[in-house]
Amino acid sequence: MAETGSPGSRPYWLSAPGLVFFATLLGVPLFTTLMLSFYSFDYATGGIQTDLTPANYLEIVQDSYFHRIFGRTFGVALLVTLICALIGAPEAYILARMRNPWKSLFLLVILGPLLISVIVRTLGWALLLGSKGAISEGLQMLGIISEPISLMFTITGMVIALVHVLVPFMVLSVWASLQKLDLQTEDAALTLGANRFTVLRRVVLPQIMPGILSGSLIVFALTASAFATPSIIGGRRLKVVATTAYDEYLSTLNWPLGAAIAVVLLVANVIAITSYNRMVERRYAKIFE
Amino acid sequence: MRRNGWPEMLFHGLFVIFILAPIVAVFVVSFTDKGYLSVPSDGLSLRWFRAILDYPGFIDAFWMSLYLGLASATLATLLAIPAASAIARYRFPGRGMISAFFMSPLMIPHIVLGVSFLKFFSDIGISGTFFGIMLAHVVLITPYALRLVLSSITGLPRDAEQAAATLGAPPFTVFRRVTLPLILPGIVGGWMLAFITSFDEVTMSIFVASPETMTLPVRMYHHIAQTIDPLIASISTVLIVMTLILMIILDRLYGLDRLLVGKG
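Within each chain, residue numbers correspond to sequence positions counted from 1 in written order. Chain letters and ligand numbers both follow the written order, the letters beginning at A and the numbers at 1. In keeping with the predicted nature of the model, local features appear solely for residues at pLDDT of at least 70, side-chain atom pairs appear and are counted solely at 80 or more, and the whole-chain, interface and lining totals rest on all residues.

**Some thoughts on the overall build of chain A**
- Helix and strand counts for chain A stand at twelve helices and two strands.
- Considered along the principal axes of its C-alpha atoms, chain A spans approximately 75 × 75 × 35 Å.
- With C-beta atoms placed from the backbone, the exposure class of a residue follows from how many other C-beta atoms lie within 10 Å of its own: 20 or more, buried; 12 or fewer, exposed; in between, partly exposed. Evaluated residue by residue, chain A yields a buried proportion of 42% over its 289 residues.
- Summarising the internal contacts of chain A: among those between residues at least 6 apart in sequence, 71% fall at separations of at least 24. Runs of H or I in DSSP of at least four residues are treated as helices and runs of E of at least two as strands, each being numbered from the N terminus. Residue pairs are scored as contacts if the distance between their C-beta atoms, which are placed from the backbone, is within 7 Å.

Below you can see the structure in the form of structure tokens.
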């Protein structure tokens, strides 16, 4: 294996199997779906016309039904991201200051759910959020509410469940950046007379900020495209983009419109990720100048 | 280093309760002795675990998910190993683009992959087949396998390989006898993360699975969409226990935080 100089064609041969596989099984299907989104659907015959028309995109842009769905999806994604940052970052910090064996044990408890199927975790919330669930019973016992309440099929319920599904990613991301942080810099600042709040704000926060930012990006992108949790907790009434695309494909059978919704979701996701990355890079380039 | 005070411990306690609450809820409900959803009050019962055996649909779906995970994780790892060694070892034109291309499925919402495969597979006539679902899963999980293999190759010193090459070993022998044993932990970790991701995947699989090739999460989704009963809770409890065992093994072998950094 040559280390320097011209590697010749070897790296291309090594990546060729993967490249061919990805080009065929990722490139072609995505392109087919892009084409499909410009076709039109005949409700009378249920057939697909292969004329090229922007009609599906115009419908998404003009119809207030789709505005509500996209607005709800990105609103929920922002809220979930914010809550995950507000509770996930402090938790990662607290974890980092624990001692073993507690540290390893609680890391396992908090990251472990990432390996448990999202269906199982969502089922757990469906059990807790219903009118006979633990939340309703608990609030009644405490005398906060007098009638049973159900958070199923509400935005509140959806946000709670999504935060649960996604907050481990935030903890993980902040945890990774805390591994590089020398916790003794805090002691140094304290010795030099800074109070605890100043230490958090001026010493800890700037160092874990990259972790919070990359965690936020992951949480936002995954929430905006989440399907199973919004579908089970939100039901058919509180549709999000992913559940709308699902219904167009498998209920209405209007594949071209479903394809257009999917393309818009994909493009919005890619734009959000790349512009966020660029913004973060510019911000940190300034700090390190 | 400062210790955590009581406000921190209180916050931590609430956070852990929040994380465990839904999992505990599933666990508790699955032991009910009633015919409907309830907390077991007159003693624990295993009737809903026995009931699983009367639903071959779920048993078949479990085996389907298992075979699918084994096959697609193995294929994904086989694609990832040469690609990772190219990206980690060489500087060549197009390197950045190739690596971004391999990672791109992470940026694509699963629903978009699902609808794309649905159309593509029905165009080429393999929709609903095990083969089709397996190909779709390989695309989805290759980035996870690639990341962990990549990080294990990147951190590897070259001395041993160069010594072997100097002593006249052909490149493939060097790889098989020197490199492979050294990067094996990365390969095993990548394979496992790929397997778990495949086994748990639901959103994309909904579109590519037919009733005969339905995976366990897809069947569970369809069941929950219609009715939530103790049966689905007992199936979930079985899954939780299996995941727990796997989790402890993975943590011992590899460190759960190190493994999962590849998931983000």
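**Quick notes on the overall build of chain B**
- Check the secondary structure of chain B and you find twelve helices and zero strands.
- In chain B, the order of α-helices and β-strands from amino to carboxyl end is α-α-α-α-α-α-α-α-α-α-α-α.
- Its C-alpha atoms give chain B principal-axis dimensions of about 75 × 60 × 30 Å.
- The proportion of buried residues among the 264 residues of chain B is 45%.
- Considering only intrachain contacts with a sequence separation of at least 6, the fraction spanning at least 24 residues in chain B is 75%.

**Regarding the environment of V61 of chain A**
All names here are of chain A.
- With respect to the helices and strands, the residue V61 is situated in helix 2 (residues 55-62).
- For V61, a count of 11 C-beta atoms within 10 Å translates into the label exposed.
- On a C-alpha basis, the gap between V61 and W13 in space is 45 Å, while along the polypeptide they are 48 residues apart.

**Considerations on unusual backbone geometry**
Residue and element names in this part refer to chain A.
- The amide bond that connects N100 to the next residue, P101, takes the cis arrangement and shows omega of 5 degrees.
- By secondary structure assignment, the location of P101 is in the loop between helix 3 (64-96) and helix 4 (102-111).
- One non-glycine residue, L253, lies in the positive phi region at around 65 degrees.
- With respect to the helices and strands, L253 occurs in the loop between helix 11 (241-252) and helix 12 (255-288).
- On the neighbour-count criterion, L253 (14 C-beta atoms within 10 Å) is partly exposed.

**Quick notes on the environment of E186 of chain A**
- Looking at the secondary structure, you find E186 of chain A in helix 8 (residues 184-191).
- Taking the C-alpha atoms as reference, E186 of chain A lies 53 Å from V28 of chain A; in sequence the two are 158 residues apart.

**A few points about the interface of chain B and chain A**
- With 76 residues of chain B at the contact, the number on the chain A side is 76 residues.
- The dominant element in the side of chain B that touches chain A, judged by the number of residues it contributes, is helix 1 (residues 6-29) of chain B, at 14 residues.
- Each residue belonging to the side of chain B that touches chain A can be placed in one class, and the counts come to 54 nonpolar, ten polar and twelve charged. We call Asp, Glu, Lys and Arg charged. Ala, Val, Leu, Ile, Met, Phe, Trp, Tyr, Cys and Pro are nonpolar, and the rest, Gly among them, are polar.

**Points about helix 5 (residues 118-129) of chain A**
- To estimate how far a helix should extend, the number of its residues minus one is multiplied by 1.5 Å. Taking 1.5 Å per residue, twelve residues should reach 16 Å; helix 5 of chain A reaches 16 Å between its end C-alpha atoms and fits that length.
- For helix 5 of chain A, the buried fraction is high: twelve of the twelve residues fall into the buried class.

**So, the nonpolar core**
- When buried Ala, Val, Leu, Ile, Met, Phe, Trp, Tyr and Cys residues are joined through C-beta atoms within 7 Å, the set is termed a nonpolar core. Ranked by internal contacts, the top residues of the largest apolar core, which has 157 residues, are L166 and A262 of chain A together with A145 and V149 of chain B.
- Top element by residues in this core is helix 7 (residues 155-179) of chain A. It accounts for 15 residues.
- The contact partners of L166 of chain A, leaving out residues within four places of it in the chain, are V80, C84, V219, L222 and T223 of chain A.

**Side note on the confidence of the model for chain B**
- Per residue, pLDDT captures the predictor's confidence, and it can take any value from 0 to 100. Of the residues in chain B, 98% reach a pLDDT of 70 or more, and the chain-wide mean stands at 91.
- For this predicted complex, the interface confidence reaches an ipTM of 0.90, while the overall pTM sits at 0.91.

**Comments concerning the packing of helix 1 of chain B against helix 11 (residues 230-254) of chain B**
Residue and element names in this part refer to chain B.
- Orientation of helix 1 relative to helix 11, taken along the N-to-C sense of each, is 120 degrees, at an axis distance of 8 Å. Taken together, the axes of helix 1 and helix 11 are oblique relative to one another. Considering how the two elements wind past one another, helix 1 and helix 11 form a crossing that is left-handed. Every residue of helix 11 that contacts helix 1 at I23, V26, F27 and V29 is listed here: P230, A233, S236, T237 and I240.
- Residues that form the contact of helix 1 with helix 11 fall into these classes: seven nonpolar, two polar and no charged. Every axis corresponds to a line fitted to the C-alpha atoms, with the helix fit spanning only the stretch in contact, and the corresponding angles, defined between N-to-C directions, vary from 0 to 180 degrees. To sort the angles, those under 35 degrees are grouped as roughly parallel, those over 145 as roughly antiparallel, those from 65 to 115 as roughly perpendicular, and the leftovers as oblique. By the definition used in this description, the sense in which the near helix is turned from the far one sets the handedness, with an anticlockwise turn below a right angle giving left-handed and a clockwise turn giving right-handed.

**Structural notes on the confidence of the model for chain A**
- Across chain A, pLDDT averages 89, with 96% of residues at or above 70.
- A low-confidence stretch, residues 1-5 of chain A stays under pLDDT 50, and its non-local contacts, those more than four residues away or across chains, total seven contacts.

**Quick notes on helix 11 of chain B**
Residue and element names in this part refer to chain B.
- Helix length check: helix 11, at 25 residues, gives a terminal C-alpha distance of 35 Å against a target of 36 Å (1.5 Å per residue), a fit within 8%.
- Every buried residue belonging to helix 11 is among P230, I232, A233, S234, I235, S236, T237, L239, I240, T243, M247 and L250, and all of these are buried.
- Looking one or two residues past helix 11, G255 carries a phi angle of roughly 85 degrees, positive in sign.

**Some thoughts on the environment of F153 of chain A**
Residue and element names in this part refer to chain A.
- Within the fold, F153 resides in the loop between helix 6 (134-141) and helix 7.
- As a C-alpha pair, F153 and E281 span 128 residues in sequence and 39 Å in three-dimensional space.
- F153 has contacts with G234, G235, R237 and L238, leaving out every residue within four places of it along the chain.

**Describing the packing of helix 8 of chain A against helix 9 (residues 196-224) of chain A**
All names here are of chain A.
- The N-to-C vectors of helix 8 and helix 9 enclose an angle of 140 degrees; their axes lie 10 Å apart at closest approach. Taken together, helix 8 and helix 9 sit at an angle that is classed as oblique. For helix 8 against helix 9, the interelement crossing comes out right-handed. Each of T185, E186, A189 and L190 in helix 8 lies in contact with helix 9, whose residues at this interface are V199, V203 and V204.
- Taken together, the residues of the contact of helix 8 with helix 9 break down into five nonpolar, one polar and one charged.

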